[in-house]
Each structure stands twice: as C-alpha cells, then as structure tokens.
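What follows is each chain in one-letter form.
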Amino acid sequence: IKLPHKVRNCLYPVFKNPERSVEERIAAFIVMMDSEPQASFLELLAQSTQRETSNQVGGFVYTHMKSLAESRMPVDREISKACQKALRLCKPFHLGIQYSQSSKFQAVKEASLGASVDIQTVSDKRSVLPRAATA
C-alpha cells in the first residue's frame, strides 16, 4: 500500500460505522491491517471492540488479532508483538462457526523456514455456512 496513513484515514470511518454492511466493515478492517499499522492504531482497533454492536465484526477483529498475536512466522514478528499488547484491550469474542472469524495455520521449522495459511470467513448467524471465505 503506497499511502498507508491515507488508506487508514479513509477506511476507519467505514469500519466504525454500524450502518455499513458487515462485509464492508470487515473488508475495511482487512485493508487497514494490510497497511502496516503502528501499535497505537492496533490498540485503537482493539479498543473499538469494547463498543462493537456486531458480533460478526467483533468476532472477526478479535480472531484476526489473536491469530497475529500467536503467529510464529519470522515475517510477522513485529506485528505479532504489537497485537499481543493490543489484544489486552480487545473484548474477547468466543463465538461459534456461524460468526465471522480469521484463522492462521502455520508450520515453522527453525527460525527462518515456515509456511502459513490464513483462512477468513464472513458469516451470517442464520447459517453455519459462511457468506464469503478467503484463504
């Protein structure tokens, strides 16, 4: 992302707006997370879960940050540490498979060799099948 600060400035209001669809809000969150956010911005996102009215959005934010905090991939080292701190401010969402979530599956061998698969689902509480999924 060429102008990460501008991207975050444009997308944060979309993410925070409960009038927007779950898909739009989660997409805004994913792009903001891909913009190499500073620790202070991660903490702001984590704090927003305390007032989050959508379990779909809150569950996705919580599981995404938790996955990053638990990452053992060398490339994730910096954001992992920042997410560990930010996660302390995050409202825990322990919801079922009918809620949106983000998971990271990893295999790490030694300090510099590993593989990671990210699976993200956007769900609807009326069905166990996700409305959208990416891997």
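Before reading further, recall that the structure is shown in the block above.
Residues numbered from 1 in each chain as written. Predicted model: local features only at pLDDT ≥ 70, side-chain atom pairs only at ≥ 80, totals over all residues. Heavy atoms only, no water.

Caption draft 1: Broad picture of helix α3 (residues 39-48). By the burial criterion, the buried members of α3 are F41, L42, L45, A46 and S48. Projected down its long axis, α3 shows its buried positions confined to an angular sector of 160 degrees, all on one face. Buried-residue contacts for α3 involve α1 (4-16), α2 (22-33), α4 (55-69) and α5 (77-87). (Buried < 20%, exposed > 50% of the residue type's maximum accessible area, 1.4 Å probe, protein only. Helix = DSSP H or I, 4+ residues; strand = E, 2+ residues; numbered from the N terminus. Arc of directions from axis to C-beta. Contact = heavy atoms within 4.5 Å.)

Caption draft 2: Spotlight on the environment of P13. If you trace the backbone, P13 turns up in helix α1. Under the relative-accessibility criterion, P13 is labelled partly exposed at 49%. With twelve residues separating them along the chain, P13 and R25 place their C-alpha atoms 9.2 Å apart.

Caption draft 3: Quick look at unusual backbone geometry. With phi around 50 degrees, E36 is a residue other than glycine that occupies positive phi space. Structurally, E36 is set in the loop between α2 and α3.

Caption draft 4: Layout of the packing of α2 against α4. Taken N-terminus to C-terminus, the directions of α2 and α4 make an angle of 25 degrees; their axes are 9 Å apart at the nearest point. Comparing their axes, α4 and α2 come out roughly parallel. Handedness of the α2/α4 crossing: right-handed. Contact residues: V22, R25, I26, F29, I30 and M33 in α2; Q56, V57, F60, V61, H64 and L68 in α4. For the contact of α2 with α4, the class distribution of residues is nine nonpolar, two polar and one charged. (Axes fitted to C-alpha atoms, helices over the stretch in contact; angles between N-to-C directions. Parallel < 35°, antiparallel > 145°, perpendicular 65-115°, else oblique. Left-handed = near helix turned anticlockwise from the far one by under 90°. Nonpolar A, V, L, I, M, F, W, Y, C, P; charged D, E, K, R; others polar.)

Coordinates in, geometry out; function isn't part of it.
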